[in-house]
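Topology and contacts: notes
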Amino acid sequence: MTQENLRPTIEEFKARFAKTFRFSPYPVYDPETTYEQNDMVLWLSPMYQWGAYKALQENTDVLPSDTTYWKQDDTVNLNSFVMDSDIEEAMSEAAAWFPEHAPMVHDEYVTCFLLLTAHFLIKDWQASHQGLNASGSGGILLSRTAGKMSASYAVSTLLQQNPQWQALVDTWWGLKAMTMLARYNVGNVLGVQGAFTPY
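So, here's what we can say about the structure. Note that the structure is predicted; figures quoted are calculated from it, not measured. (Residues numbered from 1 in each chain as written. Predicted model: local features only at pLDDT ≥ 70, side-chain atom pairs only at ≥ 80, totals over all residues. Heavy atoms only, no water.)

**So, unusual backbone geometry**
One non-glycine residue, Asn38, lies in positive phi territory at about 80°. Its place among the elements puts Asn38 in the loop between α2 (10-16) and β1 (40-44). (Helix = DSSP H or I, 4+ residues; strand = E, 2+ residues; numbered from the N terminus.)

**Digging into the side chain of Ser24**
Inspection of the secondary structure puts Ser24 in the loop between α2 and β1. Of the polar contacts made by the side chain of Ser24, one reaches the backbone oxygen of Tyr26; its length is 2.9 Å. Setting aside residues up to four positions removed in sequence, Ser24 forms contacts with Leu42, Phe81, Val82 and Met83. (Polar contact = N/O pair within 3.5 Å; in protein donor to acceptor, adjacent residues only side chain to side chain. Contact = heavy atoms within 4.5 Å.)

**A short note on the sheet that holds strand β3 (residues 70-72)**
An order of β1-β2-β3 is seen for the 3 strands of this open sheet, with the pairing classed as antiparallel. Lying at the two open borders of the sheet, with one neighbouring strand each, are β1 and β3. Neighbour-to-neighbour, the strand axes of the sheet open up by a mean angle of 40°, direction not taken into account. Pairing of strand β2 (residues 50-55) with β3 involves 3 bridges; the strand directions are antiparallel. Each residue of the ladder has a partner; that of Ala55, found in β3, is Trp70. (Pairing = 2+ DSSP bridges. Axes fitted to C-alpha atoms, helices over the stretch in contact; angles between N-to-C directions.)

**Points about the packing of aromatic side chains**
Scanning all chains against the criterion turns up 14 aromatic pairs. Seen from their ring centres, Phe17 and Phe21 are 5.9 Å apart, and the 65° between their planes marks the pair as edge-to-face. The residues Phe17 and Phe21 share a single accessibility class, namely buried. Seen from their ring centres, Phe21 and Trp173 are 5.8 Å apart, and the 35° between their planes marks the pair as tilted. Of this pair, Phe21 sits in the loop between α2 and β1 while Trp173 sits in helix α6 (residues 172-181), placing them 152 residues apart in sequence. An aromatic cluster is present here, built from Phe13, Phe17, Phe21, Phe23 and Trp173 joined pairwise through their rings. (Phe/Tyr/Trp six-rings, centres within 6.5 Å; stacked < 30°, edge-to-face > 60°. Buried < 20%, exposed > 50% of the residue type's maximum accessible area, 1.4 Å probe, protein only.)

**Concerning helix α3 (residues 84-95)**
Taking 1.5 Å of rise per residue, the 12 residues of α3 would be expected to cover 16 Å, and the 16 Å separating its terminal C-alpha atoms lies within 8% of that figure. Every buried residue belonging to α3 is among Ile87, Ala90, Met91 and Ala94, and all of these are buried. Angular distribution of buried residues about the axis of α3 spans 105°; they occupy a single face of the element. Against the buried residues of α3 lie α2 and α4 (106-130). (Expected span 1.5 Å × (residues − 1). Arc of directions from axis to C-beta.)

**Quick look at the layout of surface pockets**
Roughly 360 Å³ of volume is contained in the largest pocket. As for the largest pocket, its lining consists of 14 residues, and the residues nearest its centre are Asn79, Asp86, Trp125, Ser128 and His129. Breaking the lining of the largest pocket down by element, the ones donating at least two residues are α3 and α4. Grouping the constituent residues of the lining of the largest pocket by class yields 7 nonpolar, 4 polar and 3 charged. (1 Å grid on protein atoms, 1.4 Å probe; cavity = no way out; pocket = protein on both sides within 12 Å on 5 of 7 lines; lining within 4 Å. Points joined across faces, edges and corners; volume = space filled by probe spheres on them. Nonpolar A, V, L, I, M, F, W, Y, C, P; charged D, E, K, R; others polar.)

**Remarks on the pairing of β2**
Strand direction decides the pairing type here: β1 and β2, joined by 5 bridges, are antiparallel. In the strand pairing of β2, Met40 is matched with Lys54. Between β1 and β2, which pair antiparallel in sequence order, lie 5 residues; one of them, Tyr48, sits at a positive phi of approximately 60°.

The structure is reproduced here in structure tokens:
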């Protein structure tokens, strides 16, 4: 079974992190669906702007750009919840972190993938709210000073030898995923499918 086949769904992510994230209460507009009056949808305009729209009439089956049938609801704060498109983007980033052909069993792969998705969802959210002024991660904190007090922190050998892991250390989900992935990036790990013949 390939890693693509093991990849969890958006619904699995929502079930796992139902208490962590606030997910969109509205569906994304579907051109194959007929909407009733007062139905709410999210729609990405041709100008690549997301908006929340309310149906004004029964049996609405036209794009939300038609103001006869739809009205944009500016009271909906799109930054107050996570949309499916946000999760899809984070999942794409998570997929890039898996070593090719890592011999993970299904449950381990799914758990690690969901943790990475949560990590990148948080990082993407932070970057989007900082806008073009985002400066990225400050790296690993090596020391801290407050008045006359100072403290220094040791950096693990894993991070010293694999600096790419620094991208995962600033959320708990990233740290958990890193501990699961690290053993597949040290030395040579090979999974071999086998079988046996009973007597």
